[in-house]
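# Analysis of the macromolecular model
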There are 2 protein chains.
Amino acid sequence: MGKWVYEFAEGDASMKALLGGKGANLAEMARLGMPVPPGFVITTQCCLDYFRDGRRLGEPLRREVLEALARLETTMGRKIGDHREPLLVSVRSGAAVSMPGMMDTILNLGLNQLTAQGLAESTGDARFAYDCYRRFIAMFSEVVLGLPAGPFAAILEQRKAASGAASDGELTAPVLRDIADAYLGLVKGRGGRDFPQDPVEQLLMAVEAVFRSWYNDRAVIYRRVHRIPDDLGTAVTVQAMVFGNRGRHSGTGVLFTRHPSTGSPEVLGEYLGNAQGEDVVAGTRTPHPVARLGDELPQVYLQLMESARRLETHYRDAQDIEFTIERGQLFFLQTRSASRTARAAVKIAIDLAEEGIITRAEAIGRVEPEHIEGLLHRGLILEDSSRVIARGLPASPGAATGRVVFQADEAERRGEAGERVILVRPETAPDDMHGIVQAQGILTSRGGMTCHAAIVARGMGKPAVVGCEALTIDLAAGRAWTEDVSISQGELITIDGASGQVILGEVALVEPRLDREFGELLAWCDQVRRLGVRANADTPQDAARSREFGAEGIGLCRTEHMFMTPEGLPLMQEMILAEGEDERRQALERLLPMQREDFKGILRAMAGYPVTIRLLDPPLHEFLPDVAGLTAELEAMVSRGGDPAGIGRQRDLLRKARGLAEVNPMLGFRGCRLGVVYPEIYAMQARAIFEATAELVKEGVSGIRPEVMIPLVGLARELAILEELVRRVAREVMASSGVEFPVVVGTMIEVPRGALTAGELAQHAEFFSFGTNDLTQLTYGFSRDDAEAKFLHHYLRHKVLPDNPFAVLDEAGVGQLVKIAVELGRKARPGLKLGICGEHGGEPRSIGFFHRAGLDYVSCSPYRVPVARLAAARAQLDEQGGKSRERRGRRPARTTGRPVN
Amino acid sequence: MGKWVYEFAEGDASMKALLGGKGANLAEMARLGMPVPPGFVITTQCCLDYFRDGRRLGEPLRREVLEALARLETTMGRKIGDHREPLLVSVRSGAAVSMPGMMDTILNLGLNQLTAQGLAESTGDARFAYDCYRRFIAMFSEVVLGLPAGPFAAILEQRKAASGAASDGELTAPVLRDIADAYLGLVKGRGGRDFPQDPVEQLLMAVEAVFRSWYNDRAVIYRRVHRIPDDLGTAVTVQAMVFGNRGRHSGTGVLFTRHPSTGSPEVLGEYLGNAQGEDVVAGTRTPHPVARLGDELPQVYLQLMESARRLETHYRDAQDIEFTIERGQLFFLQTRSASRTARAAVKIAIDLAEEGIITRAEAIGRVEPEHIEGLLHRGLILEDSSRVIARGLPASPGAATGRVVFQADEAERRGEAGERVILVRPETAPDDMHGIVQAQGILTSRGGMTCHAAIVARGMGKPAVVGCEALTIDLAAGRAWTEDVSISQGELITIDGASGQVILGEVALVEPRLDREFGELLAWCDQVRRLGVRANADTPQDAARSREFGAEGIGLCRTEHMFMTPEGLPLMQEMILAEGEDERRQALERLLPMQREDFKGILRAMAGYPVTIRLLDPPLHEFLPDVAGLTAELEAMVSRGGDPAGIGRQRDLLRKARGLAEVNPMLGFRGCRLGVVYPEIYAMQARAIFEATAELVKEGVSGIRPEVMIPLVGLARELAILEELVRRVAREVMASSGVEFPVVVGTMIEVPRGALTAGELAQHAEFFSFGTNDLTQLTYGFSRDDAEAKFLHHYLRHKVLPDNPFAVLDEAGVGQLVKIAVELGRKARPGLKLGICGEHGGEPRSIGFFHRAGLDYVSCSPYRVPVARLAAARAQLDEQGGKSRERRGRRPARTTGRPVN
C-alpha cells in the first residue's frame, strides 16, 4: 500500500492531493527554510482506506504513525507523555481543497494529569499549562468523544463568575486547574469513561476523529454547495505545538497579503495577543489589526511582512497566512491561496499580471466566472441615511434584502420555501452552513474580517456584514436592537457588504458599471476567446446596457412582452377573440405599428450587430385573464345587472379562455404551431421587422442586421412553411419600400425532435439557436414550473442529480442532443451559424461545454455578458492547455493555474 | 422524353406504374386473347408532365395521341367524327393504385349533332343513339366543362314527367333528342360557349380533364386517408366504346371471383340489363344477381364464368371484373385484385394457399394487418329483436353505433369534434368522402353490394349497410322513416354490417373469437416471425383474453387502476393525505393485501409467461377530486353547517389537491419520481408482487414470472436507487416466505434522456420497454391531451405531418431515440431484453420499424395481438424479401405479393 505518513521534509506544494493543502504547504514552507513547527502528515489515502475498511485504523498505519512520532520526538528533543517536559502536538485536518472550519482540529494534545503538571513546572507558567489543559480536555471531549460543548462552556462561565474574572485571561492557575478537574468529572459522568490519559491513545483517537469529520454534516453540506467530490478524503497534520497563549509576547493571527475584499496591494491582518488560533477564527474575541504588532514586536512584524511577500511571490498568488508568536518567536502554521471577493480576484489577477508575476492567461484563470456576476449587481442608492441603523465590517460585498431570521434552521426552512431572509447571529459557526446557504446575506454582531461568517460568505459570493457591535442580539427572545431601534424576527432589513451598512427596510439598487481592472481583464478575455457573446434583450434599454457590457449582438429578442403593454394587450386580446381570419387581421393591423416602433428602437441600439428576433412563442391564453378570475367577474357583473355589452364581451373572453386552456401548456399550442395555424400573426411580425429595417436604412442608419427566429420547431415542414412566409413578406416590404436588405431566417432547437432531425431543419435555416431551457424540460420530462417545488429539491439534496439541470447544462443528456444537432446541422449546411440562448448561455461550466461543442456564440442576460466573456476565454485556454498537455505527454498540471484552495 | 402513348398490345400487367392499374390489366387481358375493346393508354408520366408544365398538354403528346387514334380507327374500321358510322370512345382515368370512383371518366365521346344522327342511322336505333348523346353531353359538361350536374338532372326529370315515362328506359328517341338539345342550350347559357362539336377537340379536352381530376378534392382526401403519394399521377385509357345500352341482349355488370365479404369461393356478381357501367357503380338502379344471366344469355354467362376463373388463376388472386355485353357479345373492361373485407382477405389467402395457387408467405402478405383488428370487435348481442327497424345489404361487416347524420359536411364536423355518427344517405358519391372518413358507419337506402358506399366502406374497414330500401330518406327535412318508425337527425342508431340489420339505439357487443382460417393464418405467422408479441393487460380477465389471442406474456400491467376501485380509492387518498412517512405507511399497509390479490390473479392467468408490472406511474393528484369540485363542495358543506370532522377532512383534501396541482402534469411529479421521493409506495408494490409470487409458488403454480418495471426513468441514479429498493424487498420476502424466485427489474424508456443515456441505465436494468406514447409527447413537445384538438388536426390536414405520430411511430425522430437506446443498451448489457408497450406496439407500420430496430417483442392491447402477430410476420418476410432481392441484384419486385390495386 506504499507510504502512509510523510514528514514535512518529504513533501512539497505539488502534493496537495496526497497531503492536503495544509500539509503540502507546510512542507513547502519548511523546504523554503521558513519557521514551521516540525511535524508529519498522514495522507488522504489513509482517510479513504479508513472508510473503506469500515472505519478502522489498520495496524501498519498505527506503526508508521508511531515511528513518525518517535522521529518528531527526536527532532524536538522532547517526548510525548514525558512528565517533566512533555511534547504537545496539534492534530489538524486538511483536504486537497480548502474547506475552512468544516472539519476538526485538536490542539495541545499530549496533556494529562501528569504532563500538565510537568508543563507547568518546565515552563514555570502554571496558568499557561492549565489553560492549555482545560482547552484540550474541552476540545478533545467535543471533537473526539462527541460530547456536547454546552456543559463545558457552562462550567467555564460558572467558575469565571465565581472567581470574579471579567475574561478568560483573568482566570488564575488554580481556577483553571479546578476547571480542568471539573471537566474530567463531566467526561466521566457524561461519557461513562475516564478521559484517556495515554497521549499515544489520545493521538490515535484524534486521528480517527479527524478522518470521521470528513463526513460530518457541515462538511457534507459544504462539499455539496461547492461541488467538491466526496472521494478526496482529508489528510491529518500532526505538528509540534507552539503556543500563542504564553503571555504578553505571544499571540496568534492571520494575514492576507492583499486585501481580500478590494484586492488592493496592502496587507490585511488581524492579531490576538496571548491567544490560540481558535480564538481568532471563531470570532469570539474581536482581534486587532496586525499593524499593532509593529508597535509591540517590531522585529517580528518586519519578519512577518517580509515572509508574507516572499510567500506571495513564491506561490505567485495572494496568500492567506496563519501564524503564531511564542514568546517573541514567529512560526507559520499555514499558507494558502487567499479566498477573495470577485472584485479582489479581478484586481489581484490584473495586478499580478502587471507586476509580471503571472501571465495574462493565468490572470484570466484566476478569476472564477461564477463569482463576477456579483460585481454587476446590487449597489445601493440610499437617499435617506436615517434608515442606516448600524455599521459593521464590510466582510463580503454586495447588497441583500430579506427578512430577519435568527436561527440557521429557520433560515433554511424559509429559504427553501422561497422567502428571502438575512441570517442574523452573534457569530456563525460551521454548524450554521445549511442556513447560510439559504440566506440572501449574513449579519453578525461579533467577529472580524477573517471570522467564519466572513470567509464563508466571500467564498459563496454572498453579502455579509460582520462585527456589527452596535447590534445586541437576544436569540432566545428572537429580537435584536441598537440604541435606537429594535428588530424582530421577520422584519425586512438590507445589508450592504461593500460599506458595512445595515438599513431598515428595502432599498433601491443602482446599476453597476465595469471598473478599470474588470474592463481590462475582459479585454484580455476578448483577445483569447473563440466563442461570441450576445445578450438576451427585449428593449432598447437592455440592448444599450448589453452593449456596455460587451455584447456582440442580441441572441434572443422576445417579441411577446410588446403585447403585454397597456396599449398592446387589448389589441392582442381582440386578435385572440377574433372570429375568423379577417377580424384577426384587423387587430393585427393595429398591432403592426407598435411592433415596428419597438423593433426600430432595438435594431437602432444594436446597429452594427445582429439582432435575433424570435417570433411569438407563448400560448395565446397567456394573454387572457385566467378562467377562475373571469368566471368570478362574470358572476359579479351578472348579479349586479351590469351593461349587457360588457357582459357579452366577458362571456366571449371566458369562452375563449376556456377553449384555449390546456392540460400541459408547455407542450401545447405555442411557438411555431401558432405560426403554422395562424400564419397572419407571424406575417405581421415579419412585416414589422422588415418595415423597421427599411425605415432605418432610409434614415441612414447602417449595420441593421435583423435575424428572424422561428421557435419550437420539431418538423422540417413547419420551418419550410414559415421560412417561405417570412421571405415572402420580406420581398413584399422590399418591393413597397424600395429598400433592399438581407433576409436571415433561422430556428430555435428546443424540441428533442428538432435536434434529432437537425439535418432536415438546416435545409431551411441559416442559423440554429439552442433553447436549452425548453430542451432541458423536454429531454428530462421535467416541468420547470412543477419540478423545483415538487421533487427537484429532493433530487439535488440526495444527489440523485449532481446539479440543477436548469442551471448547469446536462452534458450527458441534453448535451448529447446539442452535439447531434451540431453535427447533423453542419453536415447539411456547412456555413450554419450556431448559438444558444437558454439561461445556460450565461453559466460558466455550460459555456465550457458550448465551446467544446463548437458553437459560434452564447447569448445570455445583459448582466451575465461579462461572465460569459470570461468563461469563454477560460474555455479556450482550457482547450489550449489540454492540447499542450497532450503534446507534453499528458502531464496533469493545469496551465491556467486556477487556485484550488 | 420517350414514349407517351402505349397501345394495349405494347403493355402488360407489370406496367402499372406507367399505364395505371386499369391500362396495364386491359393490356394483359388483350395479351391473353380475351375480348377487350381496342384502345391505347396515355401514361402517368404525361400526367406529371402536365402539372409540371403548368397544366398544359405539349404538342408532341397531342401528336402521339392523334397517331394512336388513327391506328385505333384503322383497327376498328371506323373513324371518329364520321357522319355515317362514327367511332365512339371512352376516356378513363387509372392510377397505379386503385382509387375507385375518385377520378373522372367520360363515355360515348365522339358524338355531336351529326355523328349522333349517323349513329342512329347506322345502328337503326335512334333511341340508343340519342340516349348516348344526352348522356355524353351531361357527363362531358360536368367533368370537362365543370358545370354543375343539378340542372341537367332537372331537365331530365322534367322531360320524364312531361312525357309520362316512369324510368329512363321508357324515354323515346324524340324525347331523348329533345333532352340533348335542351342540354346544349344549357351549356351555351351556363358556360357561355357552344358545346364542342369537334370530336378530336373533345378527346384532348377529356384527357386534360382526367389529368386534372388527379387533384380534385375527393381524390386528394382519398389519397390522404389511404396514404397514397401525390406524385404517382394517373394514366388515361382511351378505348373504343362498346355499348351495354343497346337493348335487351345488352347490359353491363361487375363480378367478384370470390365473395368480397366472406371470402367464400363463390362468384358474386351484379348485372344491369340495357345500361352503361355508370348506372351500376353509382347505385342509382339496384342491379340483379349475375346468375340471372344464366337464364337470359346462357352462353355469355358460361363464357363469363370461365374467363373469371382464368383471370383469377392468371393473377393468382381474387379478381374484381367489369364487363359489358353488347348485343350478346361479351367484352371485358377491367380486372383488378378485388377489394375485400378483412375476413374475406383471410379466407381467400388461406384458400388460395391451400389450393396451391400461392405460397404461405404470400398468403401472409395478402392480409393487411390494419384491417384485421375489425375481425376482433363488434359483434352484436341483440336480445330484443323488436328494435330492428330495417334490414339492408350487409355491405361491410362490423357493428357501429352513432348519431344519425344526413349530410357529409355535418358528419365531418361532428366526427372531428369527437362525436360518433352514422352517415345516412340515399346513396353516397365520391364527394361524400370527407364525411365517410369521419363516420363510424354508413347506411344507404339504395345501391348494391358493389355500389360506391359498399366499396369505400370495405376498403376502409368501416361497417356499412346499403340498399336498405325499407328506409325513406328526406334529406331536406333531415328525417328518415320506415313503415313503423321515424328517425331524426341526432338520434342514436346501430348498424350491423355483417347481418344488414339497422337497430334503434345502442346495442351491446359480443366478444369475438378467432375463426378457423384466421387461427390458421396466425399460426403460419407464428412460424415466420422473430418478434415476440405480448399484451397490455391490467386484470385477470384481460390476461386470459390476450392468451386466447396468442399473447406470449404481458408487456405492460399498469398498477394504478387497482387504486381506483371503490375499496382502493379511499385508502389511496388516505395515503396521499398522510402527514409524514408513518401515516403513509399505515395506509399503504392496508393497500398491500389488495394489490397482492390483484397480482395473484394476473400472474396465475399468465402462468408460464412473463408479466411486466409497472410500478405506480400517474401523479398523485389523479387520485383526488379536482380542486374546483372540492372547493364547491366545501362551500356547500360550510354553508349548510355540516359535520365539523367532515369539513376538516374536506379542507385537508382541498389543501392537498391544491398542493399537488401542477402546471404541466405530464412533466410533473409522477413515475419513478414518486418512487424516489416516497420509496415506501414502491416498496409496498414490490412487496405485493413478490408475496403474490411466493404464495403462488407455495400453491404449486409453476411458471410465475413477474418482471418489475420502473416508469419515467431519465437518470441512472433514479433507477439505481429503485432497483436496489425492489431487490431488497424481494430478499425480505424470500427470507420471510422461505420461497426462492428470480427477480427481474427493468425500466421504461419514455423520457428522451433515458434513451440518450441508455448505456448507463442498462447497468441497472435487465430489460427496457419503450413507452412510445410519452416518448412521442416529449420528443415532439406535443401534449397529447392538447395537441389533437388544438393543432394536430390542422397539421395532418395540411400535411405538415404525414401521420399522427401517436398512431404511427415517427421513425425520423422518436425512432432515432429508440435506435440510440437499443445500441447503447445492448452495448452496455449484451443480454438486455427490449420491448415496446406504447400504443404503437399494435400498429403494423410501427411494428415493422420495431422489427428492424432489433427489439425482442411488442406489447399491445389484447385485441391487437393478432394484428401484431401478422405484422411481425410480414416484417420478417419483408426483411427476407429485401435480402433475397439484394441477392438477386436489387430487382424491385415484392416477394410477398401484396395487392396494390
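Criteria and thresholds
- Within every chain, residues take consecutive numbers counted from 1 along the sequence as written.
- Going through the entries in the order they are written, you letter the chains from A and number the ligands from 1.
- Confidence filtering applies because this is a predicted model: local features only for residues at pLDDT of at least 70, side-chain atom pairs given and counted only at 80 or more, and all residues used for totals across whole chains, interfaces and linings.
- Only hydrogens and water are set aside when side-chain values are computed; all heavy atoms of the structure are taken into account.
- Helix and strand assignments come from DSSP, with helices taken as H or I runs of at least 4 residues and strands as E runs of at least 2, each series counted from the N terminus.
- Any two residues whose heavy atoms approach within 4.5 Å at even a single point are treated as in contact.
- A strand pair is defined by DSSP finding two or more bridges across the two strands.
- Helix axes are fitted only over the stretch in contact, all axes being lines through C-alpha atoms; the angle between N-to-C directions runs from 0 to 180 degrees.
- Here the word oblique covers every angle except those under 35 degrees (roughly parallel), over 145 (roughly antiparallel) and from 65 to 115 (roughly perpendicular).
- We call Asp, Glu, Lys and Arg charged. Ala, Val, Leu, Ile, Met, Phe, Trp, Tyr, Cys and Pro are nonpolar, and the rest, Gly among them, are polar.
- Alignment of copies: least-squares fit on C-alpha atoms of residues with pLDDT of at least 70 in both copies.
- Take a side-chain nitrogen of Lys or Arg and a carboxyl oxygen of Asp or Glu: if they are within 4 Å of each other, that pair is a salt bridge.
- Simply put, the buried area is the total loss of 1.4 Å probe accessible area from both parts when two parts are fitted together.
- We define a polar contact as two N or O atoms separated by no more than 3.5 Å, with the added condition that, inside protein, one atom must be a possible hydrogen donor and the other a possible acceptor, whereas residues neighbouring each other in sequence contribute only through side-chain atom pairs.
- For this analysis, a nonpolar core means a set of buried residues of the types Ala, Val, Leu, Ile, Met, Phe, Trp, Tyr and Cys, connected via side-chain atoms within 4.5 Å.
- Relative accessibility decides the category of a residue: with a 1.4 Å probe and only protein chains considered, values under 20% of the type maximum give buried, values over 50% give exposed, and everything between is partly exposed.
- Ring pairs shown here join Phe, Tyr and Trp side chains whose ring centres sit within 6.5 Å, with only the six-membered ring taken for Trp; geometry is labelled stacked below 30 degrees between planes, edge-to-face above 60, and tilted in between.
- We count a charge as sitting over a ring when the NZ of a lysine or the CZ of an arginine lies within 6 Å of the ring centre and within 35 degrees of the ring normal.
- Left-handed describes a crossing whose near helix is turned anticlockwise from the far helix through less than a right angle; right-handed describes the clockwise counterpart.
- Here the term right-handed applies to a crossover when the path leading from its first strand over the helix to its second strand runs clockwise, the strands being oriented away from the viewer.
- Take the residue count of a helix, subtract one, and multiply by 1.5 Å to get its expected span.

Okay, the side chain of E28 of chain A next. Looking at where E28 of chain A falls in the secondary structure, it is placed in helix α1 (residues 16-31). Apart from the residues within four sequence positions on either side, E28 of chain A is in contact with D12, A13, H314 and Y315 of chain A.

Once that is clear, we can look at the sheet that holds strand β19 (residues 479-481) of chain B. All names here are of chain B. Taken in spatial order, the three strands make up an open sheet running β18-β19-β20, and their pairing is antiparallel. Sheet topology places β18 (472-474) and β20 (486-488) at the edges, where each strand pairs with a single neighbour. Looking at each pair of strands side by side, their axes are set apart by 20 degrees on average, direction ignored. Two elements, β19 and β20, share three bridges in a ladder whose sense is antiparallel. Pairing of R479 across the sheet is with S488, part of β20.

What follows covers the packing of helix α20 (residues 540-548) of chain B against helix α22 (residues 580-605) of chain B. Residue and element names in this part refer to chain B. Across the interface, α20 lies against α22 with an axial gap of 8 Å and an inter-helix angle of 10 degrees. Considering the angle they form, α20 stands roughly parallel to α22. Seen from α20, the contacting residues are P540, A543, A544 and R547; seen from α22, they are G601, I602 and A605. Of the residues in the contact of α20 with α22, the class split is five nonpolar, one polar and one charged.

Two copies of one chain are present, and they are related through a rotation about an axis combined with an axial shift. Superposition of chain B onto chain A requires a rotation of 180 degrees combined with a translation of 0.0 Å along the rotation axis, giving an RMSD of 0.2 Å. The relationship between the two copies is best expressed as a two-fold rotation axis. Within chain B, N664 of chain B has its C-alpha nearest the rotation axis, a separation of 2.1 Å. Mapped onto chain A, 100% of the interface residues of chain B are again interface residues, and the two copies thus contact each other with one and the same surface.

This part is about the pattern of salt bridges. Counted according to the given criterion, the structure contains 136 salt bridges over all chains. The closest approach of N and O atoms between K3 of chain A and E10 of chain A, which form a salt bridge, is 2.9 Å. Here R845 of chain B ties to D803 of chain B by a salt bridge, and the two come within 2.9 Å at their closest N and O atoms. Highlighted residues: R845 of chain B in helix α33 (residues 844-852) and D803 of chain B in the loop between α31 (784-797) and α32 (814-828), separated in sequence by 42 residues. One salt-bridge network, in which partners are shared between bridges, spans R596, K600, R604, R687, E691, E695, E699, R728 and E732 of chain A.

Another point: the interface of chain B and chain A. Taken residue by residue, the interface counts 46 residues in chain B and 46 residues in chain A. A combined buried area of about 4000 Å² lies between chain B and chain A, and 63% of that area is made up of carbon and sulfur atoms. Of all residues in chain B, L667, R753 and K790 of chain B give up the largest surface area on contact with chain A, accounting jointly for 16% of the area buried on that side. A salt bridge links D810 of chain B to R753 of chain A; the nearest nitrogen and oxygen atoms lie 2.6 Å apart. Counting across the chain B and chain A interface gives 26 residue pairs in polar contact (both at pLDDT 80 or more). Elements with a contribution of two residues or more to the side of chain B that touches chain A: α24 (644-660), α25 (672-677), α27 (716-737), α28 (752-756), α30 (772-780), α31 and α32 of chain B. No other element matches α31 of chain B, which puts six residues into the side of chain B that touches chain A. When grouped by side-chain class, the residues that make up the side of chain B that touches chain A number 25 nonpolar, ten polar and eleven charged.

With that out of the way, let us pick up the nonpolar core. If you look at the biggest cluster of nonpolar residues, it comprises 230 residues, and the most contacted ones within it are F690 and I710 of chain A together with F690 and I710 of chain B. With residues near it in sequence (within four places) discarded, F690 of chain A still touches V708, V726, V729, A730, V733, F741 and V743 of chain A.

Next up on the list: the environment of T172 of chain A. If you trace the backbone, T172 of chain A turns up in the loop between α6 (150-163) and α7 (173-191). A C-alpha to C-alpha distance of 45 Å links T172 of chain A and A399 of chain A, two positions 227 residues apart in sequence.

This next bit is on the packing of aromatic side chains. For the coordinates displayed, the defined rule picks out 40 aromatic pairs over all chains. Ring centres of F152 of chain A and Y183 of chain A lie 4.9 Å apart, and the angle between their planes is 80 degrees; this geometry places the pair in the edge-to-face category. With a gap of 31 residues between them, F152 of chain A in helix α6 and Y183 of chain A in helix α7 connect regions that are remote in the sequence. Taking relative accessible area as the criterion, F152 of chain A reaches 4% and is therefore assigned buried. Consider the rings of F849 of chain A and F850 of chain A, whose centres lie 5.7 Å apart with planes at 65 degrees: the pair is edge-to-face. You can call F849 of chain A buried: its relative accessible area is 2%. According to the relative accessible area criterion, F850 of chain A is buried, its value standing at 0%. Across from the ring centre of Y6 of chain B, 5.0 Å away, lies the NZ or CZ of K3 of chain B, which sits over that ring. One residue, R223 of chain B, lies across the ring of Y215 of chain B, its end atom 5.4 Å from the ring centre.

Turning our eyes to something else, we now look at the sheet that holds strand β31 (residues 857-860) of chain B. Residue and element names in this part refer to chain B. Strands sit in the order β24-β25-β26-β27-β28-β29-β30-β31 around a closed barrel of eight strands; the barrel is parallel. When the angles between neighbouring strand axes are averaged without regard to direction, this sheet yields 30 degrees. Both strand β26 (residues 610-614) and strand β27 (residues 705-710) contribute to a ladder of five bridges, which runs parallel. Each bridged residue has a counterpart across the sheet, and for P610 the counterpart in β27 is R705. Against the sheet, α22 contacts β25 (554-558), β26 and β27, and its axis sits at roughly 150 degrees relative to β26.

Here we take up the packing of α30 of chain B against α32 of chain B. Residue and element names in this part refer to chain B. With their axes 9 Å apart at the nearest point, α30 and α32 run at an angle of 115 degrees to one another. Crossing geometry of α30 relative to α32 is assigned as right-handed. Packed against α30, whose contacting residues are L775, T776, T779 and Y780, the element α32 presents V814, L817 and V818 at the interface.

Let us now look at the side chain of N108 of chain B. All names here are of chain B. Mapped onto the fold, N108 is located in strand β4 (residues 105-109). Among the polar contacts made by the side chain of N108, one reaches the side chain of Q276 at a distance of 3.0 Å. Residues within four places of N108 in sequence aside, it is in contact with L88, V89, C132, R135, F136, M241, F243 and Q276.

Residue and element names in this part refer to chain A. Summarising burial for strand β27 (residues 705-710): five of the six residues are buried, a large majority. In this sheet, strand β28 (residues 745-749) lies alongside β27 in parallel orientation, the contact comprising three bridges. By the bridge assignment for β28, I710 is matched with T747. Where the polypeptide runs from β27 across helix α27 (residues 716-737) and back to β28, its parallel neighbour, the crossover connection is right-handed.

All names here are of chain B. As for its position among the elements, A686 is in helix α26 (residues 679-698). What makes A686 buried here is its relative accessible area of 0%. A C-alpha to C-alpha distance of 75 Å links A686 and G244, two positions 442 residues apart in sequence. Beyond its immediate stretch of four places on either side in the chain, A686 contacts V726 and V729.

Residues and elements named next belong to chain A. Look at helix α26 (residues 679-698): 28 Å from first C-alpha to last across 20 residues, which is about the 28 Å you get at 1.5 Å a residue. Counting buried positions over the 20 residues of α26 gives 15, a clear majority of the element. One or two steps after α26, the chain reaches G700, where phi turns positive at roughly 90 degrees.

Another point: unusual backbone geometry. Residue and element names in this part refer to chain A. Positioned with a positive phi, R55 is a non-glycine residue whose angle comes to about 60 degrees. By the secondary structure assignment, R55 is in the loop between α2 (44-52) and α3 (59-76). Using a relative accessible area of 42% as the deciding quantity, one classes R55 as partly exposed. In this structure, L712 takes a positive phi of about 60 degrees despite not being glycine. By secondary structure assignment, the location of L712 is in the loop between β27 and α27.

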